[in-house]
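Structural features, examined
Residues per chain are reported as follows:
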Amino acid sequence: MDPGGSSITPDSDIPENPLRLSHSFGYESGRRANLQLLDDKTLMFIAGNQLVLLDVSTKEQRYLRSCSGGGIGCITVHPSKHYFVVAEKRNQPNIIIYKYPSLKLHRILRGGTEQAYSCVEFNHDGSLLASVGSAPDFMLTLWNWRQEAVTLSCKAISQEVYRVSFSQFNPELLATSGSGHIKFWKMANTFTGMKLQGLVGHFGITPETDIEGYVQLPDGKVVSGTDWGNLLLWDGNTIKAEICRNKTQSCHIGTVQPFVLEEGQLLTIGSDGMVRGWDFEKIDAADSSVNGSRFEMEPLNELEVGNNVCLSSVVKSPQPDSSVWFAQDSCGAIWKLDLSFTHTAPDPECLFSFHAGGIQGMDVSPKSHLMATIALDRSVRVFDFLSNRELSTSRFFQAGTALIWAPPVVNQGGGLLVTGFDDGVVRLLELFDPQRVSAVTRRQNKGDAGLHLKQAFKPHNAPVTAVAYERNGDILATGSSDCTVFFFTVGESYSPIGFVRVPGPVQGLEWSPHSHSENRLLILCQNGCVVEVHSSDLKAQKPTESFELLELPRRSFRFRSIKSRIKREEEKARRQAEKEKKKKDSLKESKLGEAEEEEEEEEEEEEEELPPIQMPQTPSPLYCGFYSQSGHFWLSMGGFDSGFLYHCEFSEKQDEDPEQREDEPFDFLPIDETDDDPIRSVTFSSNRQMLLCGMHSGSIRVYLLQPGDHSLSSMKACRALSVHDNHYGHLRHIRCSHDDNFVLTAGDDGNIFSFSLLPLEELQRSLQKQRAEIPPPRVGFEKQPYAHDIENSATDSIATAKQKLEKDRLQREVELKITAKRRKLDELKRKFQQVLKVNESLPEHVRLKPEELELHPCFKEEAERLKSQRIMEVRKELSWEKERSHIALSKLQDWFGDPLEVSVIDVVAIRSDHRVSTYRLPKLTESSQLRHQDTPSCSDRDEHVTSESKKSRAEPEKVISEIEEEEVLRPQVVRSAAIKLGDRQEERLRKAALKAEQARAKKAKRMQEWAQLYAEKPGENYEDPQDVQNISEARENIGDLKLKTDKDFKVPRHLMMTSGRKRAELKDLEEMTRDKQTELNGRIVALRDTKVHLVSQLNAQAKQLRKVQQRLPARLHRPPPVLPTLLPEETPEKRLQPNRATLERYRVLREQRFKGTQEDEEEGTTRLLEQLEKEMEDNQEGEEVTSREEEEEEEGEEEEVELTELEEELRQEEEFTLLYEQDSLLEQMETSVIQFDAELLQLRHQKQNLDRELALADLRQMTLYQELLLLQELERKEGSLQEKFDACLREENSIVSKLEERKEQLQLKQRDIVKLQEREKALLTALLDSLGEDNKFEKFLIKVFEKKIKRVKKKEQSGNNEEEVESDEESDEEDDWDDDDNDYDSDSEGGSLDDSVCPPGCDPQLFEYTLQLRERRLNLEEMLVEEKKCVEALKDECDALIKKEKMVKSSLRAVDDDLELVNREKQQKMNELDVVVPLRLHQIKFVVDGSVPLDLTEALVVDRAELTRLKERIKQLQVEKTQQRELKVKARQHHTRLRHECKDMKARVQELEKECDKLMMMKFGRLVDLEALQILSGNRKLEVLKQEKLSQEAAFNKEIKQWDAKVRKAYEALMEVTRQNTELLLRKSKLLEETMEIELKLEARQKKIAVRQRQEDKRRENLKDIVRLKSLVKKQSSQINAVKSEIEALSHKGGPVVPFIQTTQLLTPTPTRPSDPTLPPEPGPSRPSEHQNSRGRKGTC
């Protein structure tokens, strides 16, 4: 496979490049950050495995294919726009850096991740590149991309990373964000070097969220987005504040992404299609971490991009001071936005529109170069792939899932499309040319073609997955994922026939071709089932109640996996082939007898088990299939069974259940490299000699077939081309055009590509037209009524609707029967009533009791149960009505209250009639906001054109780049046959040679850097850009400036007025007016709130005053002031805020009034409200009267009490206190009222002043509107001239840039010539170095090197690009060659030598090396000739460009003069407009003879502040002039000082050179080349001696190791014997311990027996026990003796052993056994005592 993902089978007849990419119609809008901007008119994005460079103005596309073929992970652009980065996807992917605009590969970065890159980004100055890999390593890498080296690297996190970026304020900070995390990084210096330190952000109480975007602030904080639309402010790694809008509204609806901090505001985008700007200072100071609440604020600016817009990324235009951004819309569009947020800014412009998401259906026209597609974004699009343009787009109500173009037998015009949708609806669409329609159609179509709905019907209840026409065009079949296939008759109106059920969801429908005798339909199901239906019986089917065709003949096939069996047979064949190969090899290499022995051994060896036969647990999915012959078909399976094409046939036994049967293919065809990449779709060319396969990996495969090859035996060689995304771009649709000149593909990644099968020249010759022909409308198309569309997805399908009709019919019959039954029941009820009456008339003793009349109690219980159930249902109904009423009330409040921002509020003074009211301000809606669209201003155009001239230009291609990088070959020294150097010595020699080469490369690099420094050195005529700008500004502002009324007044370009700027002035005036009104309204509302608080305060003080007066006598009472009340007009909002008691009273009154009357509802409601208000007033008066009566009663009670003298004195003291309190309260109340009235009066005066200012603003607005109308009249004329001016300016800038580029190329070519000459000299020097000293063949080899040979030009071989050079040494053609040979022959000592053969005694490697150097010399000479030719061509091109530049400048001056005349005319007409300027008399300084003249036409209105500024500016200019003179003097002095320092530095350099030469003479005795010392290689003879020394040392060491092994073995044997002896001693010691324990137990038992039991019987028993114990002791002593003898024997073998210590004590059993003496002793040796053990160890040691 080549680097671009293209491969071809070796030795195939397929052309090298059968598919040539023609155009890309898709865009992966769902991919993150899939939009980059290279310059002001070139967009870059990823489309499958292609990188598309799209020209916005011309809509032309350029393509770069993925180098690895594995796909592209992400892209980014360098800040300078001179480079762009493509990060790929594959195993060990690379990051490739290209130059722009040359698109040449510049750098390759390797080893950054394992599988794919998820994001890359440059830092602010472009020196570093950050990359983050995807799963499984998620590696964060910082690159020094210019050196192709890794600076820092570490694992980012264990989750998917969406974005990485550097801080533009601190180059050491960067951040990453992604799935549920954000991480903050810092490049820190540690004691081990530079490292990356990361902190993961902690969400705390905030829910975790995926973070798509963030912005790093200057102080180190970070603002990130969330999934729910709010912003998060991060300080460190914690959340400082969550930012939302007022009333806890989210900043955006859905996901939000902050993307830039610009001009004091933070800009954000959201999935709601809005762009908002937020105050940066408020965000930076926000803090909600203390109380846990959210920080609320409102945006400063906002822009709605459009409906159904989901913004995911934005990029800014590279023009300086530009506010233009390009936005990526996840709904399939690219937008151009002006984010200046001014009223002159144009509306958002949708530049390009594409499908969003995977393509679900695609087909081509059978008669024209048209293509139709349908996708999940609910759109159907028609493309002209001949002219590469979109013709029409139609959107529907549900997602599209299938599409087919009707064949010519159905529609002769070729304009009928059949589309299927997600809700089961099938729509017939007619494509027509709107230019040929005289009347206006009902549907407004977008584009150059129209789509008209002909018919819509719904045959399915699930998505339609396949549509197909019968080969004769009589029947239409539709398949769905609801496991049904519906059939329709084709005609003017499609009529349903019926449907059949299939075992699984339908994957595809395939009608038998005309070559088959019978017309059948092949139904492919996703679960591997295949059903064949006979179409001949379809029309004969009788319609049923449900449209289901139960009697339709069919055959079924259920795929059973055979892949494991195939693999097993392949393994058998492989093993058999290996055995046969081994037998043949053994017979050749050995004798017959040895071969027979090997065969016997092989037969004896056990063979490995063969792979088992496996069956997948779940059926493999079926992807596609097609007929081969009648009854035979091919299937392509996925999952476990991928890798083959299976040839299948229907079984003759069709009695089994289709879901239970299992059928195996009768043949198969292996497809190379498809085990994990199955075939998803296939298509044939018209002659069926080319098979195109769409693969699961998104690639295309081209196979050539033989005619009539139904078994696909010729399907071997293929050409594969990776096109769509390798991970999710499954190629489900592939088609050939009707003339087989184009191939169209559509994948799940949303991309659509067109390929041409012919070269461009042949294609243009075969196609006589540049655009596809659009079908004309049908006859009578205009008169045809518009077809009814199915808008509701819940609409019943055809079968369901028929079933419902049948159900309704049955329901009506049932209702008729129920009615008859009810009549019968009524009759029986009437008879029962008569029986009851008769029973009542009977005597009591004969009369039946009620209990006897009841049939059973269960009937009554059932009735009670139904009654309670009904009560619950009524409660549920009332609860819903309650909720509905609440919602209705809220809607009414929103409708009547929301349109006004502030309703009219009147605030009335308390002691006077003065009042002040607010302004009535309606809310600003989207429709009320002005949206002005204006052409760019002159200055903006100039900046635009200038920015184009400053775009980046890539350096020209260097012809000798390969030569500069190649290394000079060195002759190989013959190794000694006796001593062979090791790998380490060879590595040391290789490193020495490598070090020498590095020194050479370092020298070349240093020379290149010096050349670059000299190239960057400014010329003698260089001028500082800042000085140039200051001079141009001075020329504009200094001099004789004319007034606007002068005829010679020239309007500066930056002051030219346009309609857009005038609209902005109007909008600013309106906003200023509204802001002032809003500010005053706020103050009035605040004053109203103050009055509300004051009224409540006065009421409280009055209540307190009444309490004080209750304790005072009536004679001391002071009259209280009149308490103010709030008028209804002061609180208008309370009218719509009733309390619960009022509503409850209203309900009671309403029920009472309307219970027995029938009157008009509106009139009754009005009366109820009046009555309710009256009752509320009566209740308030009643409460006041009651409170007053209670107070009077309390006072009366107090007067009746008689007091004593002491109590009287206390009462007088209390009166003084109460009087003070009374006076204080009255004074406070009076002060509050006076202060409020004063504030109201002041506010009233301010409102009057504002009214006057608003009147002046209205006059100003009228003047501005008149100027706007005047500018609009002249705007068209000015626009045409400005376009001409811009075109000329662009052409001039283009010529200048080309001229500069050619000059740079000329300089580079001249440098290359010098480098080639130096390179030629270096070859001779390398030859001389390789010859060494005293080489007897030196003259011969030099002659061979300098010999001239005739070389044939390089030829390209077929199949590859290798170059072969043929040499011809015919000496009689060139005399000088012969002369040179004769000269050498005469000088040689041994006679004439053939220079084409290495002479005897000469080193063959040295001779071969000389020939190679000669070939390089000849190459250099040819390149020198080519370079000189290029230099001459560049000089001619520069002369032509200079002439063209002069012509363009002359035309530019002419257009500029015409534009100046138009601007002067515009200014004169604006001067004629009348402007109202109100002035006071003291402002008029135009006085004649002490009085104001009547004629003020000669007067000039000037702002006083501006006049003062001009006077002060005169003084400032004088000071600046003096400063500039001083600066000039200092600059001269500095220049003189620099010249002296330069001379000193040169002298210093000469001194250092002399000192260096002196040091070399002292050290080496002569002047040497230090660089030659650095390139010295290693000494091979020394390395050989070292190798001999190492080999001898190794032999000696080996012998020493053998003796060490023997000593170690003897020592181990000694230790083993010692260990065994020690174990025996331990056993002996243990036995002694057991004996002592048994003796002690025995003595204790004897004492107990003597004391307690003295009977004779017990004594006898004890004696018996003693005897047994003694016998046991004897046995153990015998064992001890045996152990002793064993120890003695061992001591004689292994060394001295301490003799055993004799003891007379009895042995007892071990403590671990029971105390019963009758038990036998435990076998095994005893352990020695501690003392003996220690002695034994000592002896052993």
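Residues numbered from 1 in each chain as written. Predicted model: local features only at pLDDT ≥ 70, side-chain atom pairs only at ≥ 80, totals over all residues. Heavy atoms only, no water.

1. Some details on the overall build of the protein chain
Selection criterion: Only DSSP runs of H or I with at least four residues qualify as helices, and only runs of E with at least two residues qualify as strands; both kinds are numbered from the N terminus onward. Each residue is assigned to one of three classes by its accessible area relative to the maximum for its type, calculated with a 1.4 Å probe on protein chains only: buried under 20%, partly exposed between the two thresholds, exposed over 50%. Note on contacts: a residue pair qualifies if any of its non-hydrogen atoms lie within 4.5 Å across the two residues. The Shrake-Rupley method, run with a 1.4 Å probe sphere, supplies the accessible areas, and residue values consider only the shown protein chains as cover.
In terms of regular secondary structure, the protein chain is built from 23 helices and 67 strands. Here the protein chain holds 1741 residues, and 38% of them are scored as buried. Counted over contacts in the protein chain with a minimum sequence separation of 6, partners at least 24 positions apart contribute 60%. Of the roughly 106000 Å² of accessible surface on the protein chain, 51% is carried by carbon and sulfur atoms.

2. Some thoughts on the packing of helix α12 (residues 1059-1110) against helix α15 (residues 1205-1331)
What counts is decided by this rule: All axes are obtained by fitting lines to C-alpha atoms, using only the stretch in contact for helices, and the reported angles, taken between N-to-C directions, cover 0 to 180 degrees. Any angle that is under 35 degrees is reported as roughly parallel, and any over 145 degrees as roughly antiparallel; angles of 65 to 115 degrees are reported as roughly perpendicular and all others as oblique. All amino acids are sorted into three groups, where Ala, Val, Leu, Ile, Met, Phe, Trp, Tyr, Cys and Pro are nonpolar, Asp, Glu, Lys and Arg are charged, and the leftover types, Gly among them, are polar.
Where α12 meets α15, the axes come as close as 9 Å, and the angle between the chain directions of the two elements is 170°. Here α12 is positioned roughly antiparallel relative to α15, judged by the angle of their axes. Per-class residue counts for the contact of α12 with α15 are 25 nonpolar, 12 polar and 14 charged.

3. So, the pattern of salt bridges
This is how the line gets drawn: Note on definitions: salt bridges are taken to be side-chain nitrogens of Lys or Arg within 4 Å of carboxyl oxygens of Asp or Glu.
This structure, assessed with the given rule, holds 64 salt bridges. Among the salt bridges present, the one from glutamate 160 reaches arginine 32, with a minimum N-O distance of 3.9 Å. One end of the pair, glutamate 160, is in the loop between β14 (149-155) and β15 (161-166); the other, arginine 32, is in the loop between β2 (20-24) and β3 (36-39), and 128 residues separate them in sequence. Judged by relative accessible area, which is 42%, glutamate 160 ranks as partly exposed. Among the residues examined, arginine 32 registers a relative accessible area of 39% and is labelled partly exposed. A salt bridge links glutamate 242 to arginine 294; the shortest N-O distance between them is 3.5 Å. Note that glutamate 242 is positioned in strand β22 (residues 238-244) and arginine 294 in the loop between α1 (280-285) and β26 (295-296), a separation of 52 residues in sequence. Taking relative accessible area as the criterion, glutamate 242 reaches 10% and is therefore assigned buried. With a relative accessible area of 39%, arginine 294 lands in the partly exposed category.

4. Thoughts on the state of the cysteines
Chemically, a disulfide is nothing more than a covalent bond linking the sulfur atoms of two cysteines. To keep it simple, the criterion reads: Throughout, disulfides are identified as pairs of cysteine sulfur atoms within 2.5 Å of each other.
Under the counting rule described, the total for this entry stands at zero disulfides. Looking at cysteine 718, it has no disulfide partner, and the nearest cysteine sulfur is the one in cysteine 693, 8.6 Å off.

5. A closer look at the side chain of aspartate 55
Threshold: Under the counting rule used here, the positive set is Lys and Arg, the negative set is Asp and Glu, and His together with the chain ends is not counted.
Residue position: aspartate 55 is located in strand β5 (residues 50-55). In this structure aspartate 55 is buried but unpaired, with lysine 41 as the nearest side chain of opposite charge at 4.5 Å. In contact with aspartate 55, not counting residues within four places along its chain, are Lys41, Glu60 and Phe352.

6. Brief notes about the sheet that holds strand β17 (residues 181-190)
We apply this condition: Two strands are counted as paired when DSSP detects at least two bridges linking them.
Spatial ordering of the open sheet is given by β15-β16-β17-β18, a layout of four strands whose pairing is antiparallel. Both outer strands of the open sheet, β15 and β18 (193-200), are each paired with one neighbouring strand and no more. Here the strands of the sheet are splayed against their neighbours by 20° on average, with no regard to which way each runs. Strand direction decides the pairing type here: strand β16 (residues 173-178) and β17, joined by six bridges, are antiparallel.

7. Details of the confidence of the model for the protein chain
Stated precisely, the cut-off is as follows: Values of pLDDT, which run from 0 to 100, indicate the predictor's confidence residue by residue.
Residue-level pLDDT values for the protein chain average 81, and 82% of them are 70 or greater. Mean pLDDT values for the elements of the protein chain range from 37 in helix α23 (residues 1730-1740) up to 96 in strand β12 (residues 129-133). Confidence drops under pLDDT 50 across residues 595-605; counting only partners more than four residues distant or on other chains, this segment forms four contacts. Here residues 930-939 is modelled with pLDDT under 50, and outside its nearest four sequence neighbours on either side it reaches 31 contacts, counting other chains as well.

8. Let's talk about helix α19 (residues 1504-1564)
For the record, the criterion: The span one expects for a helix is its residue count, reduced by one, times 1.5 Å.
Look at α19: 86 Å from first C-alpha to last across 61 residues, which is about the 90 Å you get at 1.5 Å a residue. Glycine 1565 sits one or two residues past α19 and shows a positive phi near 85°.

9. A closer look at the nonpolar core
Short version of the rule: The definition of a nonpolar core used throughout is a set of buried Ala, Val, Leu, Ile, Met, Phe, Trp, Tyr and Cys residues joined through side-chain atoms within 4.5 Å.
Of all hydrophobic cores here, the largest spans 30 residues; its most connected members are Leu19, Leu43, Phe326, Ile334, Val743 and Phe755. The set of elements that each furnish at least two residues to this core consists of β4 (42-47), β5, β29 (324-329), β31 (349-353), β54 (690-695), β55 (699-704), β57 (731-736) and β59 (752-756). Apart from the residues lying within four places of it in its own chain, the contact partners of phenylalanine 755 are Leu19, Arg20, Leu21, Ser22, Ile700, Leu721, Val723, Asn741, Phe742, Val743 and Thr745.

10. So, the packing of aromatic side chains
Two aromatic rings, taken as a pair, are described by how far apart their centres are and by the angle between their planes. What counts, and what does not: Pairing of aromatic rings covers Phe, Tyr and the six-membered ring of Trp, with a centre-to-centre limit of 6.5 Å; geometry is then stacked below 30 degrees between planes, edge-to-face above 60, and tilted otherwise.
Counted by the stated rule, this structure contains 25 aromatic pairs. For the pair phenylalanine 259 and tryptophan 325, a centre-to-centre distance of 5.1 Å together with 75° between the ring planes defines the contact as edge-to-face. With phenylalanine 259 in strand β23 (residues 256-262) and tryptophan 325 in strand β29, the pair connects residues that are 66 residues apart, well separated along the chain. For phenylalanine 259, a relative accessible area of 17% corresponds to the buried category.

11. Focus: the side chain of lysine 563
Along the chain, lysine 563 turns up in helix α2 (residues 563-589). The buried category is assigned to lysine 563, whose relative accessible area is 9%. Beyond its immediate sequence surroundings of up to four residues, lysine 563 is in contact with Phe640, Asp641, Ser642, Phe644, Tyr646 and Asp675.

12. Let's talk about unusual backbone geometry
Residue proline 101 is reached from tyrosine 100 by a cis peptide bond, and omega for that bond is 10°. With respect to the helices and strands, proline 101 occurs in the loop between β9 (94-99) and β10 (105-110). With an omega dihedral of 10°, the bond running from alanine 135 to proline 136 counts as a cis peptide bond. Tracing the backbone through its elements, the reader meets proline 136 in the loop between β12 and β13 (139-144). Even without glycine at this site, alanine 33 takes up a positive phi of about 50°. By the element assignment, alanine 33 lies in the loop between β2 and β3. Although it is not a glycine, lysine 247 adopts a positive phi angle of roughly 60°. Note on placement: lysine 247 falls in the loop between β22 and β23.

13. A few points about the pairing of strand β28 (residues 311-316)
Among the six residues in β28, five count as buried, and that is most of the element. Across five bridges, β28 lies against β29 in antiparallel orientation. Counterpart to serine 313 in the pairing with β29 is glutamine 328.

14. Quick notes on the pairing of strand β38 (residues 426-432)
For β38, the tally of buried residues reaches seven of seven residues, placing the bulk of the element in the interior. As defined by bridge partners, strand β37 (residues 416-421) adjoins β38 across five bridges and the pair is classed as antiparallel. Across the sheet, residue threonine 419 finds its bridge partner in β38, namely arginine 427. Connecting β37 to the antiparallel partner β38 that follows it, the hairpin turn spans four residues, and glycine 424 within it adopts a positive phi of roughly 90°. Both β38 and strand β40 (residues 450-457) contribute to a ladder of seven bridges, which runs antiparallel. From the neighbouring strand, leucine 428 faces β40, where its bridge partner is glutamine 455.

15. Digging into a negative patch on the surface
To keep it simple, the criterion reads: For patch building, the residue pool is restricted to those with more than 30% relative accessible area and no salt bridge; the joining distance is 9 Å between like charges and 5 Å between nonpolar side chains (Val, Leu, Ile, Met, Phe, Trp, Tyr). In plain terms, the charge of a residue is placed at NZ if it is Lys, CZ if Arg, CG if Asp and CD if Glu.
On the surface, Asp655, Glu656, Asp657 and Glu659 cluster together into a negatively charged patch. By the element assignment, aspartate 657 lies in the loop between β51 (644-649) and β52 (667-670). With relative accessibility at 40%, the residue aspartate 657 sits in the partly exposed group.

16. Considering the sheet that holds β22
A sheet is described by the order of its strands in space; here five strands give the open sequence β19-β20-β21-β22-β26, paired in mixed fashion. Because the sheet does not close on itself, it has two edges, and the strands there are β19 (214-216) and β26. Looking at chain direction, strand β21 (residues 231-235) and β22 are connected through five bridges and run antiparallel. Following the sheet pairing, tryptophan 234 is matched in β22 by isoleucine 239.

17. So, a nonpolar patch on the surface
On the surface, Phe1486, Val1487, Val1488, Val1492 and Leu1496 cluster together to form a nonpolar patch covering roughly 370 Å² of accessible area. Relative to the helices and strands, phenylalanine 1486 resides in the loop between α18 (1404-1471) and α19. Assessed through its relative accessible area of 32%, phenylalanine 1486 is described here as partly exposed.

18. Points about the environment of arginine 661
Short version of the rule: Under this definition, polar contacts are N or O atom pairs within 3.5 Å; protein pairs additionally need one hydrogen-donor-capable and one acceptor-capable atom, and for neighbouring residues in sequence, both atoms have to be side-chain atoms.
Locating arginine 661 in the fold gives a position in the loop between β51 and β52. Residue arginine 661 is classed as buried on the basis of its relative accessible area of 2%. Distance from arginine 661 to serine 556, taken between C-alpha atoms, is 8.7 Å for residues 105 residues apart in sequence. If we ignore the near neighbours within four places in the chain, the residues touching arginine 661 are Ser556, Phe557, Arg558, Ser651, Lys653, Gln654 and Glu656. From its side chain, arginine 661 meets the backbone oxygen of lysine 653 in a polar contact 3.1 Å long. Among the polar contacts made by the side chain of arginine 661, one reaches the side chain of aspartate 663 at a distance of 2.8 Å.

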